[in-house]
Amino acid sequence: MAEHGMRTGEVAVVIPALNEALRIREVVEQTLRHCPWVIVVDDGSDDGTGEQLRDLPVTVLRHPQRRGKGAALRSGFAEAHARGARGVLTLDGDGQHDPADLPRLLEAAARHPRCIVIGARLRHRAAAPPHRRMANAFGDWGVAWAAGHRIADTQSGQRYYPASVIALGDVPGEDFVFEAQLLITAARRLGVHCVSVPVETRYRGDDGGPLRRSHFRPLRDLYRITSHVVRQVLAHGDVWNEYRRVRAQAPRLDAGG
């Protein structure tokens, strides 16, 4: 199922990858079971990430040097848009997202046309490290304030974006800031809001082995996101009335049809 009869072959899965040789093949093979169109953006890896995919039916784009997650997503979006994608799914290359959840995101997109759909890590959230839970909660409030509507799990990289969002060509921000800014720009410029689908975060691979440590650094990246978001909030004006309006809302959730 997909938006307005959209088939999975019309939706690209974009996977940004930096030094993911340990898990990237597993992630891509699982993704191909659900979506046949996969674009991996190798962001200057030096561990042979791209080599792990040489015999798989996927598109691999490579940055000669590391440019950050934001740039990797931009490259993947541009490729998908140029090839006529009607939407894009994203997930990280480290294995923390379960590709089996991708059809659920597409089904939610069909129920909520023109929305960004987020795979929100709400199930068994208490199992996450306390500092990550605090960072996520703080980031959720800031991004919601700037976007003008409550959002569950603004830091999740497992998402569905409609074509109108991936076509935005001038969204500022680098690394994880870019993902936060996409939610803000989509809401403010296009009127595209977010719906969250509860998912679980995986802390081990299918072989039982640990995943590599996340590239997200709570103190560093939350500071970057927060300082960026504060500028967005101030730019929109009417700061405290907007805060009260957004705080009175509840995040929009879709637990299944």
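Residues numbered from 1 in each chain as written. Predicted model: local features only at pLDDT ≥ 70, side-chain atom pairs only at ≥ 80, totals over all residues. Heavy atoms only, no water.

Novice: Lay out the packing of helix 2 (residues 69-82) against helix 6 (residues 175-190) in plain terms, naming residues and giving numbers.
Specialist: At a closest axis distance of 5 Å, the pairing of helix 2 and helix 6 adopts a crossing angle of 55°. Taken together, the axes of helix 2 and helix 6 lie oblique to each other. Mapping the contact onto sequence places K69, G70, L73, R74 and F77 in helix 2 and D175, F176, F178, E179 and L182 in helix 6. Residues that form the contact of helix 2 with helix 6 fall into these classes: five nonpolar, one polar and four charged. (Axes fitted to C-alpha atoms, helices over the stretch in contact; angles between N-to-C directions. Helix = DSSP H or I, 4+ residues; strand = E, 2+ residues; numbered from the N terminus. Parallel < 35°, antiparallel > 145°, perpendicular 65-115°, else oblique. Contact = heavy atoms within 4.5 Å. Nonpolar A, V, L, I, M, F, W, Y, C, P; charged D, E, K, R; others polar.)

Novice: Kindly report on the pattern of salt bridges, identifying the contributing residues and their values.
Specialist: Pairing is possible between side chains that carry opposite charge, provided their charged atoms lie close to one another. In the structure shown here, the tally under the stated rule is 16 salt bridges. Across the salt bridge formed by R62 and D42, the nearest N and O atoms sit 3.0 Å from each other. One end of the pair, R62, is in strand 3 (residues 59-63); the other, D42, is in strand 2 (residues 38-43), with 20 residues separating them in the sequence. Put simply, D254 and R111 hold a salt bridge, and the shortest N to O gap is 3.0 Å. Here D254 is found in the segment after helix 8 (239-247), whereas its partner R111 is found in helix 3 (residues 102-111), with 143 residues between them in sequence. For D254, a relative accessible area of 6% puts it in the buried group. Looking at R111, the relative accessible area reads 34%, which means it is partly exposed. Each of the salt bridges in this network shares a partner with another, and the network as a whole consists of R25, E29 and D55. (Salt bridge = Lys/Arg side-chain N within 4 Å of Asp/Glu carboxyl O. Buried < 20%, exposed > 50% of the residue type's maximum accessible area, 1.4 Å probe, protein only.)

Novice: Please provide a residue-by-residue account of helix 6, values included.
Specialist: With 16 residues, helix 6 extends 22 Å from end C-alpha to end C-alpha; this agrees with the ideal 22 Å at 1.5 Å per step. Of all 16 residues in helix 6, twelve are buried; the element is thus mostly enclosed. All of the buried residues in helix 6 are F176, V177, F178, E179, A180, Q181, L182, L183, I184, T185, A186 and A187. Of the residues trailing helix 6, G191 is marked for its positive phi of about 70°. (Expected span 1.5 Å × (residues − 1).)

Novice: Please give an account of the environment of A108 that cites residues and values.
Specialist: Position of A108 among the secondary structure elements: in helix 3. In this structure the C-alpha to C-alpha distance between A108 and V195, which are 87 residues apart in sequence, comes to 8.0 Å.

Novice: Run through the sheet that holds strand 1 (residues 11-17), naming residues and quoting values.
Specialist: The mixed open sheet is built from seven strands, whose spatial order is 3-2-1-4-6-5-7. Of all strands in the sheet, those bounded by a partner on one side alone are strand 3 and strand 7 (194-199). If you compare each strand with its neighbour and ignore which way they point, the axes differ by 20° on average. Here strand 5 (residues 116-121) runs beside strand 7; their pairing, made up of six bridges, is parallel. Looking at strand 7, one finds that V117 is bridged to V195. Contacting strand 1, strand 2, strand 3, strand 4 (87-90) and strand 6 (159-162), helix 2 crosses the sheet at an angle of about 145° to strand 2. (Pairing = 2+ DSSP bridges.)

Novice: Which residues make up the packing of aromatic side chains, and what values do they have?
Specialist: By the definition in use, this model includes two aromatic pairs. Judged by centre distance (6.5 Å) and plane angle (45°), the rings of F77 and F178 are tilted. Residue F77 is located in helix 2, and its partner F178 is located in helix 6; the two are separated by 101 residues in the primary sequence. Each member of the pair, F77 as well as F178, carries the same accessibility label: buried. If you follow R150 out to its NZ or CZ, it ends over the ring of W141, 4.4 Å from the centre. (Phe/Tyr/Trp six-rings, centres within 6.5 Å; stacked < 30°, edge-to-face > 60°. Lys NZ or Arg CZ within 6 Å of the ring centre and 35° of its normal.)

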